[in-house]
Amino acid sequence: MDIDAWLWWLIGAAVLGIALVITAMPELGMLAVGAVAAALVSGILGGGAVAQAVVFAVVSTALIAVVRPIAKRQRADRSQHATGVDALKGRQAVVLERVDGSGGRIKLAGEVWSARALDSGHAYEVGQEVDVVEIEGATAIVM
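On a predicted model such as this, the values are computed, not experimentally measured, just so you know.

Criteria and thresholds
Residues numbered from 1 in each chain as written. Predicted model: local features only at pLDDT ≥ 70, side-chain atom pairs only at ≥ 80, totals over all residues. Heavy atoms only, no water. Helix = DSSP H or I, 4+ residues; strand = E, 2+ residues; numbered from the N terminus. Rg over C-alpha atoms; globule rule 2.2 N^0.38 Å. Buried < 20%, exposed > 50% of the residue type's maximum accessible area, 1.4 Å probe, protein only. Contact = heavy atoms within 4.5 Å. Areas by Shrake-Rupley, 256 points an atom, 1.4 Å probe, with all protein chains shown as cover. Lys, Arg positive; Asp, Glu negative; His and termini not counted. Charge placed at Lys NZ, Arg CZ, Asp CG, Glu CD. Axes fitted to C-alpha atoms, helices over the stretch in contact; angles between N-to-C directions. Parallel < 35°, antiparallel > 145°, perpendicular 65-115°, else oblique. Salt bridge = Lys/Arg side-chain N within 4 Å of Asp/Glu carboxyl O. Phe/Tyr/Trp six-rings, centres within 6.5 Å; stacked < 30°, edge-to-face > 60°.

Peer 1: Tell me what's going on with the overall build of the protein, and back it up with residues and numbers.
Peer 2: When its secondary structure is counted, the protein shows 3 helices and 5 strands. N-terminal to C-terminal, the α/β element order of the protein is α-α-α-β-β-β-β-β. A compact globule built from 143 residues should have a C-alpha radius of gyration of about 15 Å, whereas the protein, at 28 Å, is more than 25% larger. Sorting the 143 residues of the protein into buried and exposed places 23% on the buried side. For the protein, the proportion of contacts with a sequence separation of at least 24, taken over those separated by at least 6, is 49%. In the structure as shown, the protein presents an accessible area of about 9100 Å², 62% of it carried by carbon and sulfur atoms. The distance from the centre of the 11 positive side-chain charges to the centre of the 14 negative ones in the protein is 4 Å.

Below, the structure written as structure tokens:
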């Protein structure tokens, strides 16, 4: 039983696709697309082994060279736009009820939050401005 080259390329693309799903490495997906392109050269255009290897290398390299910088830039942009409780870290709040190591209340981003002092020996009085260090559940840790 003789298997055509295009089928080997498709098997390779499938293996790379499975590896992509298992490892979440996007480069494997780009290599899989290169393998599909080589299968097309083999099956439809009847290209030889050298043409198939060149198409695989060129398509895979081009995808990696173009897509990776775009993905890296998108990932960097996303980290600059914190959302949810991550967006509250580092913000200033005003003490509404005395805040110490056991608790208190602050006004943070227009909302009233439970708060606790980072240093349990330190207390913050009403009207004082504090910095939010961390959010634990529904409690802001301040200093």
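Peer 1: Requested: an account of unusual backbone geometry, with residues and values cited.
Peer 2: Although it is not a glycine, Ala24 adopts a positive phi angle of roughly 60 degrees. With respect to the helices and strands, Ala24 occurs in the loop between α1 (5-23) and α2 (26-43). Not every positive phi belongs to a glycine, and Ala109 is a case in point at roughly 55 degrees. On the secondary structure map, Ala109 appears in the loop between β2 (103-108) and β3 (111-117). The partly exposed category is assigned to Ala109, whose relative accessible area is 41%.

Peer 1: Mind laying out the side chain of Ser60, listing which residues take part and the relevant values?
Peer 2: In this fold, Ser60 is placed in helix α3 (residues 49-80). A relative accessible area of 3% means that Ser60 is categorised as buried. Beyond its immediate chain neighbours, meaning those up to four positions away, Ser60 contacts Met30, Leu31 and Gly34.

Peer 1: Which residues make up the packing of α1 against α2, and what are the values?
Peer 2: Where α1 meets α2, the axes come as close as 8 Å, and the angle between the chain directions of the two elements is 170 degrees. Between α1 and α2, the angle falls in the class roughly antiparallel. For the pair formed by α1 and α2, the contact residues are Ala5, Trp6, Trp9, Leu10, Ala13, Leu16, Gly17, Ala19, Leu20 and Thr23 on the first element and Pro26, Leu28, Gly29, Leu31, Ala32, Ala35, Val36, Ala38, Ala39, Ser42 and Gly43 on the second.

Peer 1: Mind laying out the pattern of salt bridges, listing which residues take part and the relevant values?
Peer 2: Between side chains of opposite charge, a pair can form as their charged atoms come close. In this structure the tally under the stated criterion is 6 salt bridges. Among the ionic pairs, Glu134 bridges to Lys89, the shortest N-O distance being 3.4 Å. Highlighted residues: Glu134 in strand β4 (residues 129-136) and Lys89 in the loop between α3 and β1 (92-100), separated in sequence by 45 residues. A relative accessible area of 31% places Glu134 in the partly exposed class. Each of Asp86, Lys89 and Glu134 takes part in salt bridges that share partners, so that together they form one network.

Peer 1: Talk me through the packing of aromatic side chains; I want residue IDs and the actual numbers.
Peer 2: Applying the stated criterion to the full structure yields 1 aromatic pair. Ring geometry for Trp9 against Phe56: centres 5.3 Å apart, planes inclined by 35 degrees, an arrangement best described as tilted. Of the two residues, Trp9 sits in helix α1 while Phe56 sits in helix α3, which places them 47 residues apart along the sequence. By relative accessible area, which is 23% here, Phe56 ends up partly exposed.

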